[in-house]
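Single-letter residue listing:
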Amino acid sequence: MMTIIRQGHKWIALILGIQVALWMLSGLGMAILPHSKVAGDHRMAEPAAPTPLTELAGGKIGQPATIGPGEIREVRLRNLNGRAVFDTVTAERSALTSAVTGETITVDKPLAAEIALKDYSGPGEIKEIRLLAESTLEIRNHAPPAWRIDFSDPEQTSLYVSASNGEILERRNNYWRTFDVFWMVHIMDYVSRSSFNHPLIILSALVVLWLGFSGIALWWDSFRRNDFNVVGKWRSRKQTFALSLADSEGGAIRTVEARPMQSLFAAMGDQGYPLPSTCGGGGTCGLCRVRIGTELPILPADRRQIPDSELESGYRLACQHQVTSPLSVTLPHGLMDAKEIKGKVVSSSFITPDMYELRLSLPEPLEFRAGSYVQVEIPPFMSSLDALDLTDFIKTQWENSGAARTFGSNVLIYRTYSLANAPEEFGNEVVLSIRLAFPKSSAPGVSVGVGSAYLLTLKKGDTVQLRGPFGDFHIDEDAEEIVFIGGGAGIAPIRSMILDQLKVKRTSSRISFWYGARTQEHIAYKEDLEALATAHPNFSWHVALSDVPETDNWPGARGQIHEFVRDQYIISHPDLATCSFYICGPPQMLEAVLSLLKSLNVPNSRIAFDDFGN
Amino acid sequence: MSRKISFRVRQWHKWLSLIIGAQVMLWLATGVYMVVMNLDFIHGDHLVQNMTETLAAEYEPNVTFPDMLDDYPDASEIVLTSWVGQSVYRVQSPSGSHLVSAETGRQISPLTQDDAITVARYHYARTADVTAATLLVDKEQAPTEIQSRPLPLWRIDFDDAGSTAFYVSPDDGSLITRRHTFWRVFDFAWMLHIMDYEERADVNNTLLRISAGLGLVLSILGMWLLFFSFRRRRRNVA
C-alpha cells in the first residue's frame with residue numbers, strides 16, 4: 001500500500017510538481033509585495049474635502065437637457081475637477097454634459113491629463129498619454145475607451161482615466177504588474193487572468209490535494225518513533241557507538257564510530273563507507289540491504305525489499321534503521337566493491353519450458369566467486385506477449401490465464417540473478433539462467449514476472465546494466481563432503497559451484513547434487529551434469545520429478561526433492577557431520593529442506609542457502 | 001557524493017513536510033473549495049433580482065436638481081436613480097448620505113425597519129420569509145461578515161437553506177451586500193488560505209510570508225528528489 005502511495009506521490013509530483021512550486025512561489029510573491037503599493041495608494045493624492053456643488057457653479061446649475069430616451073440607470077450631478085457635470089449612465093456607457101451650460105463635455109487629452117495630475121502624488125511627471133480604444137489586461141474590468149497616462153516615476157505608474165466620464169479607472173504600477181503575473185500564475189488563467197473556476201485549475205487542485213494527502217500518509221512510513229526523541233538525541237549528542245563492519249566472509253572487520261540517532265545508512269556514509277542507493281534512503285531501491293541482526297524490528301520497507309528468509313536471518317535496509325546502540329553490520333560480500341558493468345546480449349534461448357539462458361558479453365572477464373549473483377537494472381518499459389518469442393505451451397497458458405497481454409514497469413527496478421557459469425568458464429561472457437514467471441491458468445490473476453519478462457524482450461546486441469558481483473553463497477573451503485540440493489532455477493548457482501569445484505578447484509571431496517524438477521523437460525543442464533558425473537568419480541547427481549503423470553516414461557524417482565534426498569541419502573548417511581549443505585530453489589522447497597536438516601540437528605554453520613536462484 | 005545529497009534532501013523534505021505540511025494541506029483544501037465553487041454563486045448572484053433598474057424613458061422628475069440643491073446646499077454629489085421601483089435622489093453631503101423621493105422631495109432616509117425589509121424583499125430572488133431585521137450600529141456587535149463596511153446597516157435575515165442575510169444601508173437605501181452559508185465558508189477558507197485570522201484581509205502578514213517561503217522550499221526539495229527518484233543511470237559507486 002505504502003509503495004503505491006509513494007509511487008503515486010512521485011508521479012503526481014513529476015506531473016504537477018512545477019505547478020505546486022509555482023503556487024508557492026506566486027503565493028509568496030503576493031504575500032511579499034506590499035498591498036498598498038500594489039493598489040497604487042502611495043502615489044495617490046490625499047483627497048480634498050468635498051466641495052459643495054453650489055460653490056462650483058455659482059448656483060447656476062440647471063436641469064439636464066433630457067433624461068432619456070432609453071435605458072438610463074442614473075444621472076449623477078458631480079464634481080469633475082472643479083466643474084459641475086451631469087454624468088448620464090446607461091448600461092453601455094456614460095456621457096458628460098456641463099451642469100451649467102448643458103454642453104457636451106468630451107474627456108480629451110488635456111482634460112485627461114488634468115484629471116490624472118490631480119489624482120497623482122509622487123516624483124514622476126507625465127511621460128506619455130495614449131487613448132485606448134480597446135480594453136487591456138490592466139483595465140480588464142472596465143469598458144473602453146480610456147486614457148492611459150504614464151508617469152516617469154521608478155515604479156512606472158500608469159493612471160487610467162475613462163474617456164467617457166473622466167473617472168479614474170485604475171492606478172497601475174510595476175508592483176501591480178508583478179503582482180498580476182503572480183496572480184495569473186496562481187489562478188492558472190493565462191489569458192484573461194480573472195477566473196479561478198476553470199477546469200484546468202480545478203483538476204490541478206484536486207490532483208495536488210491528493211499529492212498532499214499522500215504526502216501526509218507517507219509520514220507513517222518515513223518517520224520512526226525515535227525521530228521524535230529530541231531529549232534522547234540531545235542527551236546522547238556527544239556519545240558515539242561502535243559500528244563493527246564485517247564482510248560476509250567474516251574477515252576484514254573494521255570498526256568505526258557512529259554518531260547516534262541517525263540512520264545506519266547516513267552513519268556509514270559519514271564514516272566513509274557509503275552504501276549503494278539510488279533512492280537516497282527512501283527505502284524503495286533495496287540497494288542498501290545489509291545484515292544487522294534479528295533483534296532489530298522488521299519495518300514495512302524491509303518487508304517490501306527483502307525476502308522473508310533473509311529477514312529472518314537479520315537482513316535489513318540500512319536506511320530504515322537508526323543507530324541507537326553499537327551494531328555489528330555484515331555487508332554482503334562485494335557490496336563495497338561492487339562494480340557497474342555494462343553487458344551486451346549475446347544470445348537468449350530457452351533451456352527448459354520455462355527457463356532461459358541469457359548470455360551476456362562484458363567489457364572484460366568478471367572476477368567472482370562461484371555462487372555469486374548480479375543485480376540487473378530493469379528500466380521503465382512497456383511490452384506485450386506478442387513481442388516475446390515463446391513456446392506455444394507458455395503462450396497458451398498465458399492466454400488462458402486471463403492475465404493482461406501487456407506488461408511493463410513505470411519505474412526503475414532491480415532484480416538479482418545468480419551467475420550460472422563458473423568463473424572464467426566463458427572468458428568475458430556470463431550466463432544468467434532465468435525462470436520466466438509467466439501467467440498460468442492454474443493461478444489466475446497472477447501477472448508475468450516483470451524482470452524475467454523484460455530480459456526476454458532483449459535482442460542480440462542490447463545492453464544490460466549490471467552491478468556486482470555480490471554473494472554470500474559460496475563453498476566452505478574445508479568442506480569434506482558437499483551436498484547440493486536444488487530446485488527449478490536454483491540450479492544456476494549450483495551449476496556454477498559444481499563446475500568450479502570439479503574443474504577449477506579440482507577438489508577430491510565427495511559432491512552430490514539432488515535436483516528437484518517438475519518434468520523431464522524441466523531438467524536443465526542435463527548433458528553438462530551427465531558429462532561431469534562421467535568424468536569425475538567423486539561427483540554424482542540425482543533427480544526427482546514432482547509433476548509427472550503415471551503414464552510418463554520417466555524411469556527415475558518421483559516426488560518432492562526433500563523427501564527424495566532424505567530417504568535415499570541423508571537417513572542412511574554414515575557421518576552426516578562431514579557434510580556441508582548448499583541449497584537453492586523456490587521458497588517452499590527451501591523451507592522444506594531447511595526444516596528437514598533442522599530436524600536432523602545439522603548445525604546452521606553447515607548449511608548455506610540462497611533463494612535468489614528462483 | 002550525489003547519494004549523500006539525495007539523502008540530505010530527502011531528510012529535509014521529510015522534516016519540512018512535518019513543519020509546514022498541515023498548512024500546505026489547508027492551502028490545498030481551501031484552494032480546492034475556492035476553485036470548485038463558482039464565484040458568482042459565492043457572491044450570491046442567484047439570490048438577488050432587480051439589480052439594474054432604469055429610469056422611465058423621457059422621465060421628468062417633479063423635483064429637479066436645482067430644487068435638490070436648494071434643499072441640500074452643501075451636497076457634493078447628487079444622483080437621480082431608481083430605487084425599489086420609484087425615482088429617488090441620493091445625496092452625498094458632509095452630514096452623510098440621504099435618500100430623497102424625486103416625486104415628493106420627502107427625505108426617505110434613515111430607513112425604518114419596514115423600509116429596510118421592503119428593500120431586502122424587493123431584491124431577494126426567493127420567497128423565503130424574513131426571520132429578523134436588525135439595525136447594526138455598534139462595531140463591536142456587528143458580524144465580521146460585513147468586513148469593513150461602514151455602519152449603521154440593516155441586517156435582514158431570511159429563512160432559507162443558506163441562512164441568507166441582506167445588508168441594507170439605512171442612509172442611501174441601497175443593498176450593500178448579501179451573505180449566505182457558502183460565502184461564509186468561502187470567507188473562512190480565505191482566512192485559512194491567507195493566514196490572517198483576525199481581519200481576514202491582510203495578505204502581507206508575516207506568518208503567511210514565512211509559511212509560503214517554507215512551502216516553496218518544500219516543493220523545490222520535492223522536485224529535487226524527483227531527480228534522484230527517476231534517474232536511470234547511476235554513477236559508479238566504487
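Presented here is an overview of the structure given in this document. (Residues numbered from 1 in each chain as written. Chains lettered and ligands numbered in written order. Predicted model: local features only at pLDDT ≥ 70, side-chain atom pairs only at ≥ 80, totals over all residues. Heavy atoms only, no water.)

Thoughts on the overall build of chain A
Piece 1. For chain A, the helix and strand inventory stands at 16 helices and 27 strands.
Piece 2. Since a compact globule built from 614 residues should have a radius of gyration of about 25 Å, the 40 Å found for chain A marks it as more spread out than a globular shape.
Piece 3. With the C-alpha coordinates aligned to their principal axes, the bounding extent of chain A is approximately 135 × 65 × 40 Å.
Piece 4. By residue count, 54% of the 614 residues in chain A fall in the buried class.
Piece 5. Summed over its atoms, the accessible surface of chain A is roughly 27900 Å², and 54% of this surface lies on carbon and sulfur atoms.
Piece 6. Of the side chains in chain A, 57 bear a positive and 68 a negative charge, and the two mean positions are spaced by 5 Å. (Helix = DSSP H or I, 4+ residues; strand = E, 2+ residues; numbered from the N terminus. Rg over C-alpha atoms; globule rule 2.2 N^0.38 Å. Buried < 20%, exposed > 50% of the residue type's maximum accessible area, 1.4 Å probe, protein only. Areas by Shrake-Rupley, 256 points an atom, 1.4 Å probe, with all protein chains shown as cover. Lys, Arg positive; Asp, Glu negative; His and termini not counted. Charge placed at Lys NZ, Arg CZ, Asp CG, Glu CD.)

As for the overall build of chain B
Piece 1. A tally of regular secondary structure across chain B gives 6 helices and 7 strands.
Piece 2. Counted from the first residue to the last, chain B has its helices and strands arranged as α-α-α-β-β-β-α-β-β-β-β-α-α.
Piece 3. Against the 2.2 N^0.38 benchmark of 18 Å for 238 residues, chain B shows a C-alpha radius of gyration of 27 Å, more extended than a compact globule.
Piece 4. Structurally, chain B occupies a C-alpha span of about 100 × 40 × 40 Å along its principal axes.
Piece 5. Considering chain B as a whole, with its 238 residues, one finds that 53% of them fall into the buried category.
Piece 6. The contacts in chain B between residues at least 6 apart in sequence include a share of 53% that link residues at least 24 apart.
Piece 7. Total accessible area on chain B stands at roughly 11400 Å², and carbon and sulfur atoms take up 56% of it.
Piece 8. Of the side-chain charges in chain B, 22 are positive and 27 negative, and the distance between the mean point of each set is 33 Å. (Contact = heavy atoms within 4.5 Å.)

Comments concerning the sheet that holds strand β4 (residues 104-105) of chain A
Piece 1. The sheet built from 7 strands is open, its strands ordered β4(A)-β3(A)-β2(A)-β1(A)-β1(B)-β2(B)-β3(B) with antiparallel pairing. Both edges of this open sheet fall to β4 of chain A together with β3 (96-101) of chain B, since each of them pairs with a single strand only.
Piece 2. As defined by bridge partners, strand β1 (residues 72-80) of chain A adjoins strand β2 (residues 83-90) of chain A across 8 bridges and the pair is classed as antiparallel. Among the inter-strand pairings, E74(A) is bridged to a residue of β2(A), identified as V89(A). (Pairing = 2+ DSSP bridges.)

Describing the side chain of D160(B)
Residue and element names in this part refer to chain B.
Piece 1. With respect to the helices and strands, the residue D160 is situated in the loop between β5 (153-158) and β6 (165-168).
Piece 2. One buried charged side chain, D160, makes no salt bridge at all; its nearest oppositely charged neighbour is R126, positioned 5.4 Å away.
Piece 3. Of note is the side chain of D160, whose polar atom sits 2.6 Å from the side chain of Y124.
Piece 4. Within polar-contact distance, the side chain of D160 engages the side chain of T164 at 2.6 Å.
Piece 5. Not counting residues within four places of it along the chain, the set of residues in contact with D160 comprises L47, Y124 and A128. (Salt bridge = Lys/Arg side-chain N within 4 Å of Asp/Glu carboxyl O. Polar contact = N/O pair within 3.5 Å; in protein donor to acceptor, adjacent residues only side chain to side chain.)

Remarks on the pattern of salt bridges
Piece 1. For the structure on display, the rule yields 28 salt bridges over all chains.
Piece 2. A salt bridge links R155(B) to D157(B); the shortest N-O distance between them is 2.9 Å.
Piece 3. By relative accessible area, D157(B) is classed as buried at 14%.
Piece 4. Connected through salt bridges with shared partners, the residues E128(A), R130(A), R148(A) and D150(A) form a single ionic network.

Looking at a nonpolar patch on the surface
Residues and elements named next belong to chain B.
Piece 1. A cluster of nonpolar side chains, contributed by I5, W12, W224 and F227, occupies part of the molecular surface with about 440 Å² of accessible area.
Piece 2. Breaking the nonpolar patch down by element, the ones donating at least two residues are α1 (2-36) and α6 (206-229).
Piece 3. Of note, W12 is situated in helix α1. (Patch = residues over 30% accessible without salt bridge, like charges linked within 9 Å, V, L, I, M, F, W, Y side chains within 5 Å.)

Here we look at the interface of chain B and chain A
Bring the parts together and some accessible area is lost; that lost area is often taken as the interface size.
Piece 1. Each partner contributes residues to the interface: chain B has 70 residues there, and chain A has 83 residues.
Piece 2. Overall, the association of chain B and chain A removes approximately 6300 Å² of surface from exposure, summing both partners, and the carbon and sulfur fraction of that is 64%.
Piece 3. Put simply, chain B and chain A have 1 salt bridge between them.
Piece 4. In this structure, the salt-bridge partner of E77(B) is R76(A), at a minimum N-O distance of 2.6 Å.
Piece 5. Joining chain B to chain A, the criterion identifies 17 residue pairs in polar contact (both at pLDDT 80 or more).
Piece 6. Sorting the residues of the side of chain B that touches chain A by element identifies α1, α3 (65-71), β1 (77-83), α5 (181-194) and α6 of chain B as the ones contributing at least two each.
Piece 7. For the side of chain B that touches chain A, the element with the most residues is α1(B), which contributes 21 residues.
Piece 8. Counted by class, the side of chain B that touches chain A contains 37 nonpolar, 18 polar and 15 charged residues.
Piece 9. In this sheet, β1(B) lies alongside β1(A) in antiparallel orientation, the contact comprising 4 bridges. (Buried area = accessible area lost by both parts, 1.4 Å probe. Nonpolar A, V, L, I, M, F, W, Y, C, P; charged D, E, K, R; others polar.)

Brief notes about the packing of helix α15 (residues 561-570) of chain A against helix α16 (residues 587-599) of chain A
All names here are of chain A.
Piece 1. The geometry of α15 relative to α16 is characterised by a closest axis approach of 9 Å and an angle of 35° between their N-to-C directions. On the side of α15, the interface is formed by I561, H562, V565, R566 and I570, while α16 contributes M589, A592, V593, L596 and L597.
Piece 2. When the residues that make up the contact of α15 with α16 are grouped by side-chain class, the tally is 8 nonpolar, 1 polar and 1 charged. (Axes fitted to C-alpha atoms, helices over the stretch in contact; angles between N-to-C directions.)

Quick look at the nonpolar core
Piece 1. Within the largest apolar cluster, 43 residues are counted, with the highest numbers of intra-cluster contacts made by V208(A), V24(B), W27(B) and Y33(B).
Piece 2. The set of elements that each furnish at least two residues to this core consists of α1 (2-32) and α6 (199-222) of chain A together with α1, α5 and α6 of chain B.
Piece 3. In terms of residues, this core owes the most to one element, α1(B), which gives 11 residues.
Piece 4. If sequence neighbours within four positions are ignored, W27(B) has contacts with M24(A), L192(B), H193(B), M195(B), L208(B), S211(B) and A212(B). (Core = buried A, V, L, I, M, F, W, Y, C linked by side-chain atoms within 4.5 Å.)

Things to note about the packing of aromatic side chains
Piece 1. All chains considered together, the criterion is met by 19 aromatic pairs over all chains.
Piece 2. Here a set of aromatic residues connected by ring pairs shows up, and it is made of F381(A), W398(A), F407(A) and Y454(A).
Piece 3. Over the face of the ring belonging to Y315(A) we find R289(A), whose NZ or CZ atom lies 4.6 Å from the ring centre.
Piece 4. Above the face of the W183(B) ring, R179(B) is positioned so that its terminal group lies 3.7 Å from the ring centre. (Phe/Tyr/Trp six-rings, centres within 6.5 Å; stacked < 30°, edge-to-face > 60°. Lys NZ or Arg CZ within 6 Å of the ring centre and 35° of its normal.)

Purely geometric numbers; function is a separate question.
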